[in-house]
Amino acid sequence: MSVQGSWSGKFAFILAATGSAVGLGNIWKFPYITGENGGGAFVLVYLLCIAAIGIPIMMAEIMLGRRGHQNPVNTMEKLAREEGASSAWKLVGWMGVFAGIMIFSYYSVIAGWALSYFADALRGVFSGITAEGAGKHFNTLLGSWPSLLAWHTLFALMTILIVARGVRGGLEKAVSIMMPALFVMLILMVGYAMGNGEFMKGVHFLFSPDFSKLSGAAVLTAMGHAFFTLSLGMGAIMAYGAYLPKNVSIGATTITIAIADTVVALLAGLAIFPIVFSHGLEAGSGPGLIFTTLPIAFGDMPYSSLFASIFFLLLVFAALSSAISLIEPAVARITEKTAMSRGGATFLVGGFSWLLGIGSILSFNMLSEHKLAGKTFFDWMDYLTSNIMLPLGGLFIAIFAGWVMSRKSSGDELSLSGFSYSLWLFLTRFVAPLAVLIVLLKVSGVLDTLFI
Ligand code: PHE
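First, a word on scope: everything that follows refers to the structure included in this document. (Residues numbered from 1 in each chain as written. Predicted model: local features only at pLDDT ≥ 70, side-chain atom pairs only at ≥ 80, totals over all residues. Heavy atoms only, no water.)

**Considerations on unusual backbone geometry**
Positive phi outside glycine occurs at His-69, with the angle close to 60°. By the element assignment, His-69 lies in the loop between α3 (40-68) and α4 (72-82). In this structure, Ser-415 takes a positive phi of about 40° despite not being glycine. (Helix = DSSP H or I, 4+ residues; strand = E, 2+ residues; numbered from the N terminus.)

**Looking at a nonpolar patch on the surface**
Taken together, Trp-403, Phe-426, Phe-430, Leu-434, Leu-437 and Ile-438 make up a surface patch of nonpolar side chains, about 580 Å² in accessible area. Residue contributions to the nonpolar patch peak at five residues, all from helix α18 (residues 418-444). You can see Leu-434 is positioned in helix α18. (Patch = residues over 30% accessible without salt bridge, like charges linked within 9 Å, V, L, I, M, F, W, Y side chains within 5 Å. Areas by Shrake-Rupley, 256 points an atom, 1.4 Å probe, with all protein chains shown as cover. Salt bridge = Lys/Arg side-chain N within 4 Å of Asp/Glu carboxyl O.)

**Side note on empty space enclosed by the protein**
The tally for this structure, following the rule as stated, stands at two cavities of 30 Å³ or more. Quantified by volume, the largest cavity comes out at close to 130 Å³. In this structure, the largest cavity is lined by 15 residues; those nearest its centre are Ser-20, Tyr-107, Phe-228, Ser-231 and Leu-326. The set of elements that each furnish at least two residues to the lining of the largest cavity consists of α1 (3-21), α5 (90-122), α10 (216-229) and α14 (304-337). With three residues, α14 is the largest single contributor of residues to the lining of the largest cavity. Approximately 40 Å³ is the volume attributed to the second largest cavity. For the second largest cavity, the full set of lining residues is Val-175, Met-178, Met-179, Leu-182, Leu-314, Phe-317, Ala-318 and Ser-321. If you list the elements that add at least two residues to the lining of the second largest cavity, you get α8 (168-196) and α14. When the residues that make up the lining of the second largest cavity are grouped by side-chain class, the tally is seven nonpolar, one polar and no charged. (1 Å grid on protein atoms, 1.4 Å probe; cavity = no way out; pocket = protein on both sides within 12 Å on 5 of 7 lines; lining within 4 Å. Points joined across faces, edges and corners; volume = space filled by probe spheres on them. Nonpolar A, V, L, I, M, F, W, Y, C, P; charged D, E, K, R; others polar.)

Below you can see the structure in the form of structure tokens.
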């Protein structure tokens, strides 16, 4: 094995995993859920969850993936057998397969919004746009289910074609250019917000915690988002872990990915909230937040159409490199276990998920008033996956890596020893599982019934 070979293996893994992590979660979801949950205190809990739960679980997932070397279902089954544990551990893999399909269903709808904004930006729609105009523009898009369906279909097809042809390598190369470009664009937008928005109000909103605004439900959302944004708890990172050469440090790689992901989210927040405050917009206005604020900034800049179209194109790329990792576990499971071709499996999984996405499309118009326990179909898809399935998946992954796997296996695979290994083991055995468990029990009301 040449040095070059292992280097490109490491590089390919970092690109794939960062591509999976950085996506709509950072730029679309983080700002809007931060806005809905009151800012600072929510952001602090989110950051704590990234550090104390996300990082150790990401290390665990990569480690399991590298050792198991298959789709998440088979990897869990194989590793459980190796450690003499029950083959029921494969259910963790199955839950991940379904979580991925469910997330993709609405992820593709939102990525469709970005595609539509890209097309609008090219046509110069945003130049000189006012806050009111941006709000109207967004509502017109949401109100038209045929447009939403067309853009959702286009994005789903793009993802399916990439996964079906197995041309991820090409996309990952693209990511290596697009990701830094997205970063530069975000810095530019933050620069705009500094000069033209209520920048200090934005900073204050994001970073000064007011714990009276923090509900139990907000803590669950922050924790769930730590899983979502790092692509954890459903096997995506496990599936990519198989690419990682043996001699690469899982710890250092994980920390690099987590920092990049967090910085992108914070930059998005810093670009958006100053505009929210300077235009008297509502921080808690929901999923449309970036689509009603960023166009105002672009509209005000010179070369507005150029900048806006570049930004939304980069956002679509970031979404694509995440989307492929959402359906990969399901596709890999089918191709490794049945005679079906990769193309067939991808169309099956992607097609099913696309169909499910129609429920989310209608949640924004025809069925927006049809709610179950106060939540639309889209809200439920997001809640069930981010707030329940990913944390549960992460909980079991932590228990498996921390308790079921022998210390020898995990220590060897992580190539850690001494303090860093003990720290990882402590976080994985105790901190991560207990934190997830307590938050889930608290929000479901079980803790209250037990103790009162
Ligand atoms: N991490 C991705 C984002 O932030 C979403 C994702 C979740 C991707 C789970 C894969 C698995 O956009």
